[in-house]
Amino acid sequence: MTGKKEPSDSRRNVAHYEIDRMLPPGRVEIPEPRQDTPEQNTPEQNTAGQSMMEARAQYVEMAIQQAIRRGEFDNLPGAGKPLTNLERGYDPDWWIRQKIEREKITGLGPPALTLRTENVELDARLDQAHSEAAVTAILNDFNSRVVSARRQLQGGPPVVTPTRDVEGQLTLWRDRRAARSEAARQERDREAAALAAMTWRERRRARSR
C-alpha cells in the first residue's frame, strides 16, 4: 500500500485493534506459493510478492472499512465526550481506583485507595445520618482509620486522604440539612398554592390520582 499516509482516525484505530485482536495469528487467506519458482516458495511471501505481514494488514484494513460502512463502530462509548480526570495528576494506581469507583467495591484494596473512595462519598453518607451524634461517630471512625493507615509500614501507595475536621463538618452538615428542609418547605408551599388555584373538580381529580 503506497501513497500519502492518511491522518489518524479514532474509529479506524479502534476497529483495527478489535479486528487484529480477534484474528488468530497466521490466519490470513494467502494463496499457495507456486512450486516452479523455488525463490518464491517461502513462508514469508505469497504469490503476489506480499509479505505475510503486508497481507495481514491488507486483510485487516479491508475488514475495518467494511465494518465502518456497516456502522458497527458508530456511537462507541465515550465518543464525542472529553476525557475524564484530566485535572488530576498522574496516579500509578489509576486503574485500581477507577475499578473500585466504577463497581463500588468496598473493603477491598489497599487503604490508600479504599479511603480515597470513601472520602468522595463521605458527605452523602453524613447526610443520611439523623443526629449530630451519629455524624460525629462516623467522622471519628473515618479519621481514626486514616491515621492508622498512615502509620502502617506494609508498603503500597501512600495515604493522601486527609482527615476531616469534626466541628467544621458538623457545621456543614447542619447547613445542608437546613437547605434541604427549606427546599422541602418551598415545594410544599408551591403545591399548596397550585392546589388552591384549582377548581373543586380539578382538586378532586388531583387527589384521585
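See the structure printed just above.
What you see as residue numbers is a count from 1 along each chain, following the sequence as written. Local features in this predicted model are restricted to residues of pLDDT 70 or higher, and side-chain atom pairs are both shown and tallied only at a pLDDT of 80 or more, whereas totals for entire chains, interfaces and linings draw on every residue. Hydrogens and water molecules were not included; the side-chain quantities draw on all heavy atoms of the structure.

1. Overview of the overall build of the chain
Right, on to step 1. Each helix corresponds to a stretch of at least 4 residues labelled H or I by DSSP, and each strand to a stretch of at least 2 residues labelled E; elements are numbered beginning at the N terminus. Regarding its fold elements, the chain presents eight helices and zero strands.
Right, on to step 2. Going residue by residue from the N terminus, the α and β elements of the chain occur as α-α-α-α-α-α-α-α.
Right, on to step 3. Any residue under 20% of the maximum accessible area for its type is buried, any over 50% is exposed, and the rest in between are partly exposed; the area is computed with a 1.4 Å probe on protein chains only. Buried positions account for 21% of the 209 residues belonging to the chain.
Right, on to step 4. Pairs of residues are marked as contacts when any of their non-hydrogen atoms sit within 4.5 Å. Summarising the internal contacts of the chain: among those between residues at least 6 apart in sequence, 52% fall at separations of at least 24.
Right, on to step 5. All accessibility values rest on the Shrake-Rupley procedure with a 1.4 Å probe; residue burial counts only the protein chains present in the view. Here the chain has roughly 16000 Å² of accessible surface; of this, 54% comes from carbon and sulfur atoms.

2. Observations regarding the pattern of salt bridges
Right, on to step 1. Salt bridge, as used here: a side-chain nitrogen of Lys or Arg that lies within 4 Å of a carboxyl oxygen of Asp or Glu. Going through the model one piece at a time under the given rule, you end up with 11 salt bridges.
Right, on to step 2. With its nearest N and O atoms 2.8 Å apart, the salt bridge here joins Arg176 to Asp127. Of the two residues, Arg176 is situated in helix H7 (residues 166-196) and Asp127 in helix H5 (residues 122-127); the sequence distance between them amounts to 49 residues.
Right, on to step 3. A relative accessible area of 22% places Arg176 in the partly exposed class.
Right, on to step 4. According to the relative accessible area criterion, Asp127 is partly exposed, its value standing at 24%.
Right, on to step 5. A salt bridge links Arg190 to Glu187; the nearest nitrogen and oxygen atoms lie 2.6 Å apart. Taken together, the residues Arg190 and Glu187, both in helix H7 and three residues apart, mark about one turn of the helix.
Right, on to step 6. What emerges from the salt-bridge pattern is a single network uniting Glu118, Arg125, Asp141 and Arg145.

3. Topic: the nonpolar core
Right, on to step 1. Buried Ala, Val, Leu, Ile, Met, Phe, Trp, Tyr and Cys residues that are joined via side-chain atoms within 4.5 Å together make up what is termed a nonpolar core. Core analysis: the largest hydrophobic core is formed by 15 residues, its most contacted members being Leu115, Leu122, Leu126, Val135 and Leu139.
Right, on to step 2. When residues of this core are traced back to their parent elements, those giving at least two are helix H4 (111-120), H5, helix H6 (132-151) and H7.
Right, on to step 3. Tallying contributions element by element places H6 first for this core, with six residues.
Right, on to step 4. Those residues in contact with Val135, other than ones at most four positions away along the chain, are Leu126, Ala129, Leu170 and Trp173.
Right, on to step 5. Of all hydrophobic cores here, the second largest spans five residues; its members include Val60, Ile64, Ala67 and Phe73.

4. What about the environment of Arg145?
Right, on to step 1. Here Arg145 lies in helix H6.
Right, on to step 2. Distance in space between the C-alpha atoms of Arg145 and Pro111 is 8.7 Å, their sequence separation being 34 residues.
Right, on to step 3. Apart from residues lying up to four places away in sequence, Arg145 is in contact with Leu115, Glu118 and Arg125.
Right, on to step 4. A distance of 2.5 Å separates the side chain of Arg145 from the side chain of Glu118, its partner in a polar contact. Between N or O atoms, a polar contact is any pair within 3.5 Å; within protein, one atom must be a potential hydrogen donor and the other a potential acceptor, and residues adjacent in sequence are included only when both atoms are from side chains.

5. Description of the packing of H6 against H7
Right, on to step 1. The axes are straight lines fitted to the C-alpha atoms, using for helices just the contacting stretch, and the angles between their N-to-C directions are given from 0 to 180°. At a minimum axis separation of 10 Å, H6 and H7 run at an interaxial angle of 140°. Compared by their axis directions, H6 and H7 come out oblique. Handedness of the H6/H7 crossing: right-handed. Touching Glu132, Val135, Thr136, Leu139, Asn140 and Asn143 of H6 are Val166, Gln169, Leu170, Trp173 and Arg174, all from H7.
Right, on to step 2. Partitioned by chemical class, the residues of the contact of H6 with H7 number five nonpolar, four polar and two charged. Between 65 and 115 degrees an angle is taken as roughly perpendicular, under 35 as roughly parallel, over 145 as roughly antiparallel, and anywhere else as oblique. By convention the crossing between two helices is left-handed if the near helix lies anticlockwise of the far one by an angle smaller than a right angle, and right-handed if it lies clockwise. Residues are grouped as follows: Ala, Val, Leu, Ile, Met, Phe, Trp, Tyr, Cys and Pro are nonpolar; Asp, Glu, Lys and Arg are charged; every other residue, Gly included, is polar.

Taken by themselves, the reported measurements are silent on function.
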